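# Examining the three-dimensional arrangement
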Amino acid sequence: MIKSSVRSSIFFALMVSFTTNGSCILRALLGRDSIAGYFVAGILGGLAVLVEAPSRRIELAMYVFLRAMESGWNISLKQGLCKSMRHGEVALFSFSMAVLMAIYQNKPTTFSMTYRSTLTRIFGKN
């Protein structure tokens, strides 16, 4: 249990460090902001997943994907690329649950036993 917690802590520390420091370093080297710089920083941050056990990578990917969606939405709002949606969090929750239910229906072994047993208790056997 402690080994898993330490491993996850190292993953999050590396991911945040690589993405934030990577974009700052590339901005300093290039002298300006660049989409390519953020792309490279994202790839560096993504490499941090190699620290984690393969069995946990899907769970972490779902967590990071949610954070990426939220960041993309916030940036789009700030830049005026889209308008704020009334009850947008409900739409996002609905989309997220649809993805989880599709995975649970088609490939339930993707989830760890804890999540799978919780989903089975709530929604019944697949």
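Given the structure is predicted, the values throughout are model-derived calculations rather than measurements. Throughout, a residue's number is its position along its own chain's written sequence, starting from 1. Note on the predicted model: pLDDT of at least 70 is required for a residue's local features to be given, and 80 or more for side-chain atom pairs to be given and counted; whole-chain, interface and lining totals, by contrast, use all residues. Each side-chain value is worked out from all heavy atoms of the structure, with water and hydrogens disregarded.

### With respect to the overall build of the protein chain
Under the scheme used here, helices are H or I runs from DSSP no shorter than 4 residues and strands are E runs no shorter than 2 residues, and both carry numbers assigned from the N terminus. For the protein chain, the count of helices and strands is five helices and zero strands. The N-to-C order of helical and strand elements in the protein chain reads α-α-α-α-α. Within these notes, the globule rule equals 2.2 Å times the number of residues to the 0.38 power, and the radius of gyration is based on C-alpha atoms. Relative to the compact-globule value of 14 Å for 126 residues, the protein chain shows a C-alpha radius of gyration of 18 Å, a clear excess of over 25%. Dimensions of the protein chain, computed from C-alpha atoms along their principal axes, come out at roughly 55 × 45 × 20 Å. Taken over 126 residues, the protein chain has a buried fraction of 15%. Summarising the internal contacts of the protein chain: among those between residues at least 6 apart in sequence, 44% fall at separations of at least 24. Each accessible area value is a Shrake-Rupley result obtained with a 1.4 Å probe; residue values ignore everything except the protein chains displayed when judging cover. Just so you have it, the protein chain exposes about 9,400 Å², and 68% of that area is on carbon and sulfur atoms. Within the protein chain, the 5 negative side-chain charges are centred at a point lying 6 Å from the centre of the 14 positive side-chain charges. Using a 1.4 Å probe on the protein chains alone, a residue whose accessible area is under 20% of its type maximum counts as buried, one over 50% counts as exposed, and one in between counts as partly exposed. Any two residues whose heavy atoms approach within 4.5 Å at even a single point are treated as in contact. We score Asp and Glu as negative and Lys and Arg as positive, and we do not count His or the chain ends. Where a charge sits is defined by one atom per residue type, namely NZ (Lys), CZ (Arg), CG (Asp) or CD (Glu).

### What about the packing of helix H4 (residues 88-106) against helix H5 (residues 113-123)?
For the pair H4 and H5, interaxial distance at closest approach is 12 Å and the crossing angle is 100°. By the angle class used here, H4 and H5 are roughly perpendicular. Mapping the contact onto sequence places Met97, Met101 and Tyr104 in H4 and Arg116, Leu119, Thr120 and Phe123 in H5. Looking at the contact of H4 with H5, its residues break down into five nonpolar, one polar and one charged. Axis geometry follows a simple rule: fit a line to the C-alpha atoms, using only the stretch in contact for helices, then measure angles between N-to-C directions, giving values from 0 to 180 degrees. For classification, angles of less than 35 degrees are called roughly parallel, those exceeding 145 degrees roughly antiparallel, those between 65 and 115 degrees roughly perpendicular, and all remaining angles oblique. Gly is put with the polar residues, along with every residue not named as nonpolar or charged; the nonpolar set is Ala, Val, Leu, Ile, Met, Phe, Trp, Tyr, Cys and Pro, and the charged set is Asp, Glu, Lys and Arg.

### Considerations on the packing of aromatic side chains
Between 30 and 60 degrees the pair is tilted, below 30 it is stacked and above 60 it is edge-to-face, where a pair is any two Phe, Tyr or Trp rings, Trp via its six-membered ring, whose centres lie within 6.5 Å. Taken as a whole and assessed by the stated rule, the structure comprises two aromatic pairs. Both rings, one in Phe12 and one in Tyr63, keep their centres 5.5 Å apart while their planes meet at 85°; by these two values the pair is edge-to-face. Residue Phe12 is located in helix H1 (residues 2-30), and its partner Tyr63 is located in helix H3 (residues 57-78); the two are separated by 51 residues in the primary sequence. With a relative accessible area of 37%, Tyr63 lands in the partly exposed category. By the ring-pair criterion, three or more aromatic residues cluster together here, those being Phe11, Phe12 and Tyr63.

### Side note on the confidence of the model for the protein chain
Think of pLDDT as the predictor's per-residue confidence, scored from 0 to 100. The predicted model of the protein chain averages 85 in pLDDT, with 99% of residues at 70 or higher. When pLDDT is averaged over each element of the protein chain, H1 comes out on top at 88 and H3 at the bottom at 82.

### Points about a nonpolar patch on the surface
On the surface, Phe18, Phe39, Val40, Ile43, Leu44, Leu47 and Leu50 cluster together into a nonpolar patch covering about 660 Å² of accessible area. Within the secondary structure, Leu50 is located in the loop between helix H2 (35-46) and H3. The exposure class assigned to Leu50 is exposed, which follows from its relative accessible area of 58%. Residues forming no salt bridge and having over 30% relative accessible area are the ones grouped into patches, like charges within 9 Å of each other and nonpolar side chains (Val, Leu, Ile, Met, Phe, Trp, Tyr) within 5 Å. Each salt bridge in this description consists of a side-chain nitrogen of Lys or Arg and a carboxyl oxygen of Asp or Glu lying within 4 Å of one another.

### Quick notes on the packing of H1 against H3
Axis separation between H1 and H3 bottoms out at 13 Å; the angle between their running directions is 35°. For the pair H1 and H3, the sense of crossing is right-handed. Seen from H1, the contacting residues are Phe11, Phe12 and Met15; seen from H3, they are Leu60, Tyr63 and Val64. Helix crossings are classified by the rotation of the near helix relative to the far one: an anticlockwise turn of less than a right angle makes the crossing left-handed, while a clockwise turn makes it right-handed.

### Side note on the pattern of salt bridges
For side chains bearing opposite charge, pairing can occur when the charged atoms are close. Applying the stated criterion across every chain, the model contains three salt bridges. Linking Arg56 and Glu52 is a salt bridge whose minimum nitrogen-to-oxygen distance equals 3.8 Å. Assessed through its relative accessible area of 24%, Arg56 is described here as partly exposed. Classification of Glu52 as buried rests on a relative accessible area of 3%. A salt bridge links Glu70 to Arg67; the nearest nitrogen and oxygen atoms lie 2.7 Å apart. With a gap of three residues between them, Glu70 and Arg67 both fall in helix H3, about one helical turn apart.

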